[in-house]
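# Coordinates in review
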Number of protein chains: 4
Amino acid sequence: MMDVSVYRIATSGPEDLRGLKELVDKGEINPEEIIAVLGKTEGNGNVNDFTRGYSTFVFRKYLAEVLGKSEEEIGKKIAFVMSGGTEGVMTPHVNIFTVKADAEGEESDKKSLAVSAGFTRDFLPEEFGTMAMVKEVKRVVLELIDKAGISAIEDVHFVQIKCPLLTSDRINDAQSRGKKVATEDTYLSMGYPRGASALGIGVALGEIEESSLSDEVILNDWSIYSNIASTSAGVELMNCEIIVMGNSTNSVSKFRIGHSVMKDAIDLEAVLEALRNSGLEFDSLPGPEDKKRIVNVFAKAEASPDGYVKKRRTTMLTDSDIHHTRYARAVVNAVIASVVDDPMVYVSGGSEHQGPAGGGPIAVIIRQKE
Amino acid sequence: MMDVSVYRIATSGPEDLRGLKELVDKGEINPEEIIAVLGKTEGNGNVNDFTRGYSTFVFRKYLAEVLGKSEEEIGKKIAFVMSGGTEGVMTPHVNIFTVKADAEGEESDKKSLAVSAGFTRDFLPEEFGTMAMVKEVKRVVLELIDKAGISAIEDVHFVQIKCPLLTSDRINDAQSRGKKVATEDTYLSMGYPRGASALGIGVALGEIEESSLSDEVILNDWSIYSNIASTSAGVELMNCEIIVMGNSTNSVSKFRIGHSVMKDAIDLEAVLEALRNSGLEFDSLPGPEDKKRIVNVFAKAEASPDGYVKKRRTTMLTDSDIHHTRYARAVVNAVIASVVDDPMVYVSGGSEHQGPAGGGPIAVIIRQKE
Amino acid sequence: MMDVSVYRIATSGPEDLRGLKELVDKGEINPEEIIAVLGKTEGNGNVNDFTRGYSTFVFRKYLAEVLGKSEEEIGKKIAFVMSGGTEGVMTPHVNIFTVKADAEGEESDKKSLAVSAGFTRDFLPEEFGTMAMVKEVKRVVLELIDKAGISAIEDVHFVQIKCPLLTSDRINDAQSRGKKVATEDTYLSMGYPRGASALGIGVALGEIEESSLSDEVILNDWSIYSNIASTSAGVELMNCEIIVMGNSTNSVSKFRIGHSVMKDAIDLEAVLEALRNSGLEFDSLPGPEDKKRIVNVFAKAEASPDGYVKKRRTTMLTDSDIHHTRYARAVVNAVIASVVDDPMVYVSGGSEHQGPAGGGPIAVIIRQKE
Amino acid sequence: MMDVSVYRIATSGPEDLRGLKELVDKGEINPEEIIAVLGKTEGNGNVNDFTRGYSTFVFRKYLAEVLGKSEEEIGKKIAFVMSGGTEGVMTPHVNIFTVKADAEGEESDKKSLAVSAGFTRDFLPEEFGTMAMVKEVKRVVLELIDKAGISAIEDVHFVQIKCPLLTSDRINDAQSRGKKVATEDTYLSMGYPRGASALGIGVALGEIEESSLSDEVILNDWSIYSNIASTSAGVELMNCEIIVMGNSTNSVSKFRIGHSVMKDAIDLEAVLEALRNSGLEFDSLPGPEDKKRIVNVFAKAEASPDGYVKKRRTTMLTDSDIHHTRYARAVVNAVIASVVDDPMVYVSGGSEHQGPAGGGPIAVIIRQKE
């Protein structure tokens with residue numbers, strides 16, 4: 001049997017290892033069992049957000065030292081998915097996922113948290129946001145579902161991907177080889193890989209027919225989307241790092257995951273639904289005991305492409321001072337934080353093909369009742 | 001008897017008069033009865049936010065034309081309180097307050113919405129954010145409570161003030177006369193007048209002892225605050241424009257107001273409490289019929305001075321790219337919008353001495369049941 | 001003969017009329033002779049820059065009052081080209097152009113400043129940045145060259161255009177009619193009309209073959225450009241307002257104009273060349289007497305599309321906090337200001353098809369020697 | 001004799017070591033001789049700029065590996081001064097300073113580049129920007145002048161300091177111990193240590209009487225300043241790292257340094273004067289051969305405290321979207337880049353007590369003629 005644990009650790013900056021070190025030093029976390037580090041770092045979450053790379057660099061170096069391996073080896077063993085942008089009241093933090101492969105316990109009907117992590121090949125700049133990415137992501141996601149021991153597709157509740165983005169240098173590189181990139185605008189170049197990765201997840205999960213997709217559909221037809229995908233772009237990598245989360249009868253984890261889909265950025269009902277789907281039972285709003293059982297909430301946020309929320313005009317898309325992904329994160333985090341009474345929840349921006357236009361998937365991990 | 005009405009009108013830009021014009025042309029609003037225009041405009045809400053001045057300019061010009069008066073006369077008759085900053089999903093809009101002095105009806109025990117508006121004298125730059133402002137604001141607020149026919153101090157639920165701020169030119173002006181200003185940082189200069197105005201309200205309402213105040217207390221001792229004050233700074237004026245809102249037996253208004261105080265930016269309970277205080281009756285969350293009765297919610301937002309919310313670190317005060325008032329508005333608006341299912345609610349930033357540190361007053365106007 | 005004058009007036013804000021009023025009140029400017037107001041206002045120069053609209057609104061209202069006409073009539077008589085963005089040390093100001101049609105004097109070989117202004121028809125959102133715009137701009141520019149009495153194409157030195165941009169509402173409008181817009185990103189939507197307008201100028205001036213153009217060329221083939229065009233987008237209009245400047249033997253103006261083209265944002269040589277082309281004579285750098293004769297410098301600025309300047313990497317295109325047009329204006333203004341010893345020079349951002357990629361036209365108006 | 005070299009290396013990001021590695025691998029740089037790394041990294045240059053810490057982390061780790069020492073040892077041996085903010089066209093880069101203590105050659109009258117680097121003790125948050133900092137900086141600067149073998153104070157041309165700044169956590173820490181910090185605004189907290197460090201340099205160099213200073217003078221009396229100081233604040237340290245640069249007869253360096261002082265941000269004359277002071281000889285503007293000899297230019301930039309440049313209003317201090325240090329860097333870099341034809345010059349923002357108000361020191365290192 002597999003045992004899966006999740007540790008949510010507040011950080012005081014992108015380089016802050018103290019929380020993790022303490023848990024490792026106390027023996028609470030066995031670093032050999034770490035398969036993924038999923039963090040929120042305090043950059044702008046956009047192209048020139050170096051807090052993601054900084055944090056990845058620091059965590060990888062530490063784990064290399066503690067495990068006596070090279071940083072390159074660690075990079076191939078552990079997925080580092082740092083998502084930038086802690087706007088509003090969002091607290092910077094990391095989530096450490098550990099998997100103990102041979103835990104004691106017997107298989108039963110009870111489904112508990114199962115997690116696996118892996119990597120695609122490196123992509124060329126001209127492949128970012130194209131079908132090449134969709135297909136490679138699909139391939140790896142299917143492998144990872146299997147690896148996590150999740151037997152039914154409906155038991156997959158969240159697939160998190162970190163994908164690359166275009167910079168001036170990468171665009172120049174592709175163009176020097178006579179290749180066309182998805183867009184020459186570096187900020188917009190975050191959306192294409194996010195969208196393509198999400199579609200790859202949707203295809204893997206059977207939500208989307210692969211035959212309905214083409215390069216032209218990506219970032220164009222918003223009616224096609226995954227309800228499980230959460231993808232985030234960063235300058236610090238050239239491949240996709242993938243974390244699959246679900247429930248499995250193969251797992252003896254103390255934790256459980258559930259999810260729902262926010263229809264817009266202030267969809268309070270969907271937050272409550274996700275909490276219930278994870279296993280919490282409450283009437284109208286979760287009570288203090290329920291809240292204590294919540295380990296973390298993971299959600300995607302974006303400005304609605306038409307600029308409207310509940311048929312009301314917003315200014316997110318016409319504000320040239322602050323990119324709309326920044327506001328979207330602040331808003332969705334605030335709504336969730338107000339319900340769970342804790343601003344340290346994971347919200348990532350830019351939900352192209354992740355949930356309906358203007359909305360996004362939301363997953364919740366809770367501690368199971370003893 | 002007095003009859004008071006409120007009209008909430010979405011705008012498509014700071015210069016958009018269409019909604020008001022339509023109501024005036026249809027005879028629904030009698031422009032002679034307008035006493036205050038309270039709007040959210042889509043600038044940055046900070047020093048160089050000219051959307052406030054633009055909107056004020058356009059609305060004043062229109063009302064001057066329609067009432068056959070000079071713009072100067074209109075400026076002395078109607079309070080134009082434009083609050084900048086519609087971050088996140090907040091919908092730009094204006095609230096038009098009308099008062100019909102000699103409405104039919106008889107005084108009863110029933111208390112309904114009563115509103116009055118007025119002006120302080122112009123201040124010198126060196127007076128911004130000092131006791132001179134506290135005292136003059138107190139004087140006018142007391143006059144306005146009387147004018148609104150509000151007999152008990154506990155029936156005052158919201159006092160909105162627009163106050164001035166310092167610019168480079170105003171600082172140079174004061175210094176050329178050998179005077180010291182509260183701060184030489186133009187952005188920080190928004191906080192001092194907001195704080196002093198709020199203290200003036202608190203003194204008028206008996207929440208604060210005037211003797212406990214001095215220039216040194218302003219923006220220093222956060223334990224002193226008003227639970228009713230909402231103040232907002234702008235470059236477009238040199239005096240304070242004040243709107244007092246409460247309930248009165250003298251009013252036959254169809255509306256009613258209530259309030260509460262948010263302890264922090266994600267205080268969902270306080271939002272629910274304010275809704276109940278206004279007269280809505282519901283169990284856990286308001287239902288569709290309750291929401292229909294809500295005319296608008298008015299709240300103040302700020303980053304907690306220590307940077308923490310629910311003992312969690314936030315990055316609002318260390319983000320040098322985006323001022324914390326912008327995030328604070330996005331967060332508080334999102335929390336309220338998620339409850340009332342409508343992003344078009346009024347949230348203004350910078351709640352110095354308005355509610356506890358990191359929190360702020362919240363008021364709700366509802367339509368009374370027939 | 002035509003007499004043309006230019007007045008450069010510092011402003012203290014978008015609504016500041018004091019400088020113009022003073023000149024009108026003193027009789028120095030005859031408001032009947034004003035044909036164009038060309039200003040730099042202190043907004044972000046991007047989509048949600050309302051300082052342009054505010055300034056236009058205020059100046060139009062004043063001129064309507066002083067000339068006893070409706071604001072609509074003034075809008076058809078006088079071109080108001082407000083360009084947003086006074087980054088770095090750029091001083092906000094307006095340039096007032098006056099034309100006296102029947103001035104005394106006799107035609108000679110001497111060429112002096114000649115200016116004319118006019119308007120295109122309103123465009124539909126789907127026409128922004130397309131050949132429809134190119135053609136209509138060409139038509140009006142040719143009319144205006146004639147109107148200015150400029151007989152040779154090489155005597156045209158600067159053509160300034162204010163063109164519209166897309167907002168969420170305009171995009172939704174086009175889409176609701178089944179039309180496709182040039183881009184759905186509102187910030188990028190400023191570039192398309194700027195580019196199309198510039199190409200229209202280039203065609204009118206014979207710099208560009210109309211047959212070489214198509215919708216696909218616009219914002220794609222940077223090798224096609226005008227050396228005379230300066231275009232600027234704003235939310236406050238739906239048509240193009242055009243000002244043509246050159247020298248003519250028909251003019252007895254005290255002023256003269258010249259120009260050059262900056263190859264990149266720090267092309268000091270081009271600044272010196274433009275000063276010389278206008279008629280200043282100096283060796284290496286202009287001296288104090290030369291500088292006194294300079295009335296204003298008008299330049300376009302942009303980040304090089306490949307992100308490089310003098311083969312050095314810049315971060316303008318990968319900075320997701322601040323749009324590159326803002327930096328470009330700050331840089332070009334600084335270079336010019338350091339030469340002419342005055343930060344109050346006109347620099348406008350986004351020079352698509354205006355000068356070579358990364359560069360832009362630069363024109364200088366000087367007072368002629370008596 | 002001492003031999004001093006300077007290597008200016010373009011970087012493709014804060015983590016880019018390729019340029020340095022190449023020079024080390026080729027044997028051009030002996031890593032044992034590196035005493036200081038002085039870089040411009042592409043963050044916002046303000047409080048939440050983590051590119052400085054990231055770059056420091058990466059360079060320190062590399063040098064520790066290559067020199068077979070711990071990172072802590074390297075941190076005590078080599079000064080890492082990373083200055084954030086490459087606004088406008090400024091190219092991110094690092095300057096590597098090497099010193100070979102026992103170089104061949106004989107002392108003569110010829111003065112060549114001499115450099116030394118060192119560290120103050122760690123400061124407590126409440127000491128940032130106070131006389132405690134002034135005195136400790138003075139002490140270390142005097143030691144370093146001696147260490148560099150600079151015999152006359154007028155041969156010191158540039159002293160670069162990296163100093164700490166306040167964060168929410170550091171402010172809370174001081175306050176929890178009952179201590180008062182210089183300011184509770186984290187952005188403003190960058191100025192106090194910069195100012196105090198600069199005054200420490202001025203006292204060490206005899207430009208300023210220590211007796212004229214007090215905590216009250218710091219960031220208050222702008223008439224007191226150093227013409228040699230360049231200080232830069234960062235979140236990544238608690239002490240000051242100091243680099244002293246001058247010329248010495250003890251040095252056989254191929255390089256030489258000179259300096260001047262910019263009176264304002266567009267002071268072209270001062271740029272030319274600094275070039276001449278370093279040893280270049282030219283008439284009006286430097287020619288191609290002169291430019292080739294320039295290794296780097298180091299300058300400080302700030303918005304004038306009164307908001308005016310050449311008696312013209314600028315909007316740098318009233319722009320609440322973008323901090324003035326960002327614009328100041330863009331402007332000063334542009335002016336210098338336009339003269340030396342290269343945007344890869346070092347400009348750091350916030351020149352409190354460094355040069356006159358609104359201006360700042362500027363130093364130039366050139367290759368000496370063979």
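Residues numbered from 1 in each chain as written. Chains lettered and ligands numbered in written order. Predicted model: local features only at pLDDT ≥ 70, side-chain atom pairs only at ≥ 80, totals over all residues. Heavy atoms only, no water.

A separate point is the packing of helix 1 (residues 18-25) of chain D against helix 2 (residues 51-67) of chain D. Residue and element names in this part refer to chain D. Put simply, helix 1 and helix 2 touch, their axes get as near as 11 Å, and they point 20 degrees apart. Classified by the angle their axes make, helix 1 and helix 2 are roughly parallel. Pair helix 1 / helix 2 crosses with right-handed handedness. For the pair formed by helix 1 and helix 2, the contact residues are L20, K21 and V24 on the first element and F59, Y62 and V66 on the second. Tallied by class, residues from the contact of helix 1 with helix 2 come to five nonpolar, no polar and one charged. (Axes fitted to C-alpha atoms, helices over the stretch in contact; angles between N-to-C directions. Helix = DSSP H or I, 4+ residues; strand = E, 2+ residues; numbered from the N terminus. Parallel < 35°, antiparallel > 145°, perpendicular 65-115°, else oblique. Left-handed = near helix turned anticlockwise from the far one by under 90°. Contact = heavy atoms within 4.5 Å. Nonpolar A, V, L, I, M, F, W, Y, C, P; charged D, E, K, R; others polar.)

Looking now at the side chain of R293 of chain D. Residue and element names in this part refer to chain D. By the secondary structure assignment, R293 is in helix 8 (residues 288-293). D290 provides the closest opposite charge to the buried, salt-bridge-free R293, at an N-O distance of 5.0 Å. If we ignore the near neighbours within four places in the chain, the residues touching R293 are L280, I365, I366, R367, Q368 and K369. (Buried < 20%, exposed > 50% of the residue type's maximum accessible area, 1.4 Å probe, protein only. Lys, Arg positive; Asp, Glu negative; His and termini not counted. Salt bridge = Lys/Arg side-chain N within 4 Å of Asp/Glu carboxyl O.)

Moving on, we come to the pairing of strand 7 (residues 229-234) of chain D. All names here are of chain D. Counting buried positions along strand 7 gives six out of six residues, so the element sits mostly inside the fold. Where burial is concerned, the two faces of strand 7 agree: the one with A229, T231 and A233 and the one with S230, S232 and G234 are both buried. In the sheet, strand 6 (residues 156-164) pairs with strand 7 via six bridges, with the strands oriented parallel. Paired with I161 across the bridge in strand 7 is T231. (Pairing = 2+ DSSP bridges.)

All names here are of chain B. Spatial strand order, 1-4-2-3: four strands in an open sheet with mixed pairing. Each of the sheet's edge strands pairs with one partner strand only, and the pair in question is strand 1 (3-10) and strand 3 (79-84). Going across the sheet, the axis of each strand differs from the next one's by a mean of 15 degrees, ignoring polarity. Against the sheet, helix 2 (residues 51-67) makes contact with strand 2 (34-41), strand 3 and strand 4 (93-100), and its axis sits at roughly 150 degrees relative to strand 3, the strand it touches most.

Both copies of the chain are related by one operation, a rotation about an axis with a shift along it. With an axial shift of 0.0 Å and an RMSD of 0.0 Å, the rotation relating chain C to chain D amounts to 180 degrees. In symmetry terms, the pair is related by a two-fold rotation axis. When the interface residues of chain C are mapped onto chain D, 100% of them are again interface residues, pointing to one common binding face. (Least-squares fit on C-alpha atoms with pLDDT ≥ 70 in both.)

The subject of this paragraph is the interface of chain C and chain D. On the side of chain D, 41 residues touch chain C, which itself brings 41 residues to the contact. Area buried by chain C at its contact with chain D is led by V89, R312 and R313 of chain C, which between them contribute 20% of it. Scanning the region where chain C abuts chain D turns up eight salt bridges. Here D341 of chain D and K310 of chain C are joined by a salt bridge, their closest N and O atoms 3.2 Å apart. Contributing elements (two or more residues each) for the side of chain C that touches chain D: helix 7 (268-278), strand 12 (312-313) and helix 9 (324-340) of chain C. With nine residues, the single largest contributor to the side of chain C that touches chain D is helix 9 of chain C. For the side of chain C that touches chain D, the per-class residue count stands at 20 nonpolar, ten polar and eleven charged. (Buried area = accessible area lost by both parts, 1.4 Å probe.)

Right, let's talk about the pattern of salt bridges for a bit. Residues and elements named next belong to chain D. Summed over the entire model, instances satisfying the criterion amount to 104 salt bridges over all chains. A salt bridge links E28 to K26, with the nearest nitrogen and oxygen atoms 3.7 Å apart. Classification of K26 as exposed rests on a relative accessible area of 58%. Across the pair E87 and R329 runs a salt bridge whose closest N-O atoms are separated by 2.7 Å.

With that settled, the discussion passes to the sheet that holds strand 6 (residues 156-164) of chain C. All names here are of chain C. Strand order in this open sheet of four strands is 5-8-6-7, and the pairing throughout is mixed. Each edge of the sheet is formed by a strand with only one pairing partner; in this case those strands are strand 5 (112-119) and strand 7 (229-234). Within the sheet, the average angular offset between the axes of one strand and its neighbour, ignoring direction, is 15 degrees. The sheet contact formed by strand 6 and strand 8 (residues 241-248) spans six bridges and is antiparallel. Considered in strand 8, the bridge of Q160 is made with I243.

Shape descriptors only; they carry no functional weight alone.
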